Amino acid sequence: MDYNSIMVEGKKILVVGLANKYSIAAAISSVLHKSGATLGFSYQNERFEKFINEFSNANGGDFTQVCDLASDADIKKLISTAVSKWGKIDGIVHSVGFAPADQISGNIEEAITREGFQITHDVSSYSFSGLVKEAYPHMSENSSVITLTYIGSQEATPNYNVMGMAKASLEASVRYFAATLGAKGIRVNSISAGPIKTLAASGIKGFKSMLNKHGTNTPLARNITSEEVGNTAAFLLSDMSSGITGQTIYVDGGYNIQATSFD
Ligand code: NAD
Ligand code: 0WE
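Now for a description of the structure that goes with this document. (Residues numbered from 1 in each chain as written. Chains lettered and ligands numbered in written order. Predicted model: local features only at pLDDT ≥ 70, side-chain atom pairs only at ≥ 80, totals over all residues. Heavy atoms only, no water.)

A look at the overall build of the protein
Then, number 1: For the protein, the count of helices and strands is 9 helices and 7 strands.
Then, number 2: Whereas a compact globule of 263 residues would reach a radius of gyration of roughly 18 Å, the protein reaches 18 Å, a difference of no more than 12%.
Then, number 3: C-alpha extents for the protein along the principal axes are approximately 50 × 40 × 40 Å.
Then, number 4: By the burial criterion, 49% of the 263 residues in the protein qualify as buried.
Then, number 5: Of all intrachain contacts in the protein linking residues separated by at least 6 positions in sequence, the fraction that spans at least 24 positions is 74%.
Then, number 6: Within the structure as shown, the protein displays about 12,600 Å² of accessible surface, and the carbon and sulfur contribution to it stands at 53%.
Then, number 7: Taking the average location of the 21 positive side-chain charges in the protein and that of its 24 negative ones, the two points are 2 Å from each other. (Helix = DSSP H or I, 4+ residues; strand = E, 2+ residues; numbered from the N terminus. Rg over C-alpha atoms; globule rule 2.2 N^0.38 Å. Buried < 20%, exposed > 50% of the residue type's maximum accessible area, 1.4 Å probe, protein only. Contact = heavy atoms within 4.5 Å. Areas by Shrake-Rupley, 256 points an atom, 1.4 Å probe, with all protein chains shown as cover. Lys, Arg positive; Asp, Glu negative; His and termini not counted. Charge placed at Lys NZ, Arg CZ, Asp CG, Glu CD.)

Right under this line is the structure:
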């Protein structure tokens with residue numbers, strides 16, 4: 001794909017949720033870099049530090065900053081780092097999700113616990129609210145925030161369980177923030193991606209058979225790539241999408257429009 005280096009030219013975009021080269025955030029960052037953006041990266045803990053610094057050097061990064069999103073102090077530190085470097089922030093990519101492993105396997109009536117519910121909702125949903133709450137006073141008048149979600153928020157998906165409940169909460173958060181931040185020129189949207197084999201996904205029982213099913217029983221008759229998610233992300237972060245806010249945009253090959261399909 002040839003990229004137009006002026007699509008997000010000069011925009012200063014914070015990327016949260018990069019872990020390794022398979023991360024959806026890596027594909028998004030690569031497209032943003034090729035499309036003219038300046039990037040800043042946060043990472044969960046020191047385990048990811050080496051990769052992030054190398055990735056940042058290769059992809060137009062201005063800074064890297066550790067940030068555990070379960071910590072309000074870390075979120076404050078991240079935004080203050082971005083503000084001290086940039087003044088104003090033009091875009092944020094939130095590409096974060098986590099449930100304790102025992103929460104996303106088996107039937108929900110067995111798997112769910114109060115603690116598992118709390119951790120999952122805290123990291124996978126509140127982290128978005130906490131980040132935007134801290135960042136919005138420093139966002140430019142023509143800025144855009146995106147997050148990543150999954151159709152398991154809308155339709156019961158085997159094993160996805162409490163992650164689906166957290167994604168429903170995340171998608172509702174997008175609508176609430178979009179409703180009040182619109183007047184400040186800040187747009188807020190989510191991308192609902194089809195399944196992609198990232199590190200987070202590879203640990204999941206039956207993921208391969210789900211990938212096969214998606215790849216076959218979908219209008220485009222194939223799975224989507226993380227680059228395709230990156231392209232949509234660049235559009236949503238650019239002024240090309242200036243009339244769009246509060247939406248869940250499906251990048252899933254059309255899977256979500258089918259009630260059912262033949263094998
Ligand atoms: P990934 O493992 O590469 O990314 C998840 C990121 O979340 C990692 O960078 C991890 O460090 C970060 N994270 C987890 N807990 C954190 C915390 N406490 N503080 C800071 N960061 C934390 O996997 P991915 O598949 O790229 O996932 C990115 C997003 O895309 C997630 O929201 C996921 O739900 C969503 N998504 C993934 C798929 C898929 O099939 N892979 C499909 C649709 C949506
Ligand atoms: O959001 C996700 C996965 C997020 C995720 C992955 C893990 C694996 C390792 C959250 N928490 C954890 N915790 C771990 O310990 N996806 C959209 C990918 C995914 O995960 C599924 C899926 C799909 C699709 C889990 C069950 C069923 C389908």
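Considering empty space enclosed by the protein
Then, number 1: Tallying each qualifying case throughout the model produces 1 cavity of 30 Å³ or more.
Then, number 2: Quantified by volume, the largest cavity comes out at close to 40 Å³.
Then, number 3: As for the largest cavity, its lining consists of Gly-194, Pro-195, His-214, Thr-218, Arg-222, Asn-223, Ile-224 and Asp-252.
Then, number 4: Taken together, the residues that form the lining of the largest cavity break down as 2 nonpolar, 4 polar and 2 charged. (1 Å grid on protein atoms, 1.4 Å probe; cavity = no way out; pocket = protein on both sides within 12 Å on 5 of 7 lines; lining within 4 Å. Points joined across faces, edges and corners; volume = space filled by probe spheres on them. Nonpolar A, V, L, I, M, F, W, Y, C, P; charged D, E, K, R; others polar.)

As for the site of ligand 2
Then, number 1: Taken together, 14 residues are adjacent to ligand 2, and Ala-99, Tyr-160, Ala-200, Ile-204 and Met-210 come closest.
Then, number 2: A distance of 2.8 Å is found between an oxygen atom of ligand 2 and a side-chain nitrogen or oxygen belonging to Tyr-160.
Then, number 3: Burial of ligand 2 by the protein chains amounts to 83% of its free accessible area of 600 Å².
Then, number 4: Class assignment for the residues of the shell around ligand 2 results in 12 nonpolar, 2 polar and no charged. (Near = heavy atom within 4 Å. Polar contact = N/O pair within 3.5 Å; in protein donor to acceptor, adjacent residues only side chain to side chain.)

Here's the deal with the site of ligand 1
Then, number 1: What surrounds ligand 1 is a group of 26 residues, the closest being Ser-23, Gln-44, Lys-167, Ile-196 and Thr-198.
Then, number 2: Asp-68 places a polar side-chain atom, nitrogen or oxygen, 3.0 Å from a nitrogen atom of ligand 1.
Then, number 3: Between ligand 1 and Lys-167 there is a distance of 2.8 Å, counted from an oxygen atom to a side-chain nitrogen or oxygen.
Then, number 4: Considered on its own, ligand 1 offers 820 Å² of accessible surface; in the complex 91% of this is hidden by protein.
Then, number 5: Counted by class, the shell around ligand 1 contains 16 nonpolar, 8 polar and 2 charged residues.

With respect to the sheet that holds strand E6 (residues 186-193)
What holds strands together in a sheet is hydrogen bonding between their backbones, with the strands either parallel or antiparallel.
Then, number 1: Strands sit in the order E3-E2-E1-E4-E5-E6-E7 across an open sheet of 7 strands; the sheet is parallel. The open sheet terminates on both sides in strands that have one partner only, identified here as strand E3 (61-66) and strand E7 (248-251). Ignoring strand direction, the axes of neighbouring strands in this sheet form an average angle of 20 degrees.
Then, number 2: Lying on the sheet, helix H2 (residues 49-58) is in contact with strand E2 (38-43) and E3; it crosses E3 at an angle near 165 degrees.
Then, number 3: Each of strand E1 (12-16), E2, E3 and strand E4 (89-94) is contacted by helix H3 (residues 72-86), which is oriented at about 160 degrees to E3, the strand it contacts most. (Pairing = 2+ DSSP bridges. Axes fitted to C-alpha atoms, helices over the stretch in contact; angles between N-to-C directions.)

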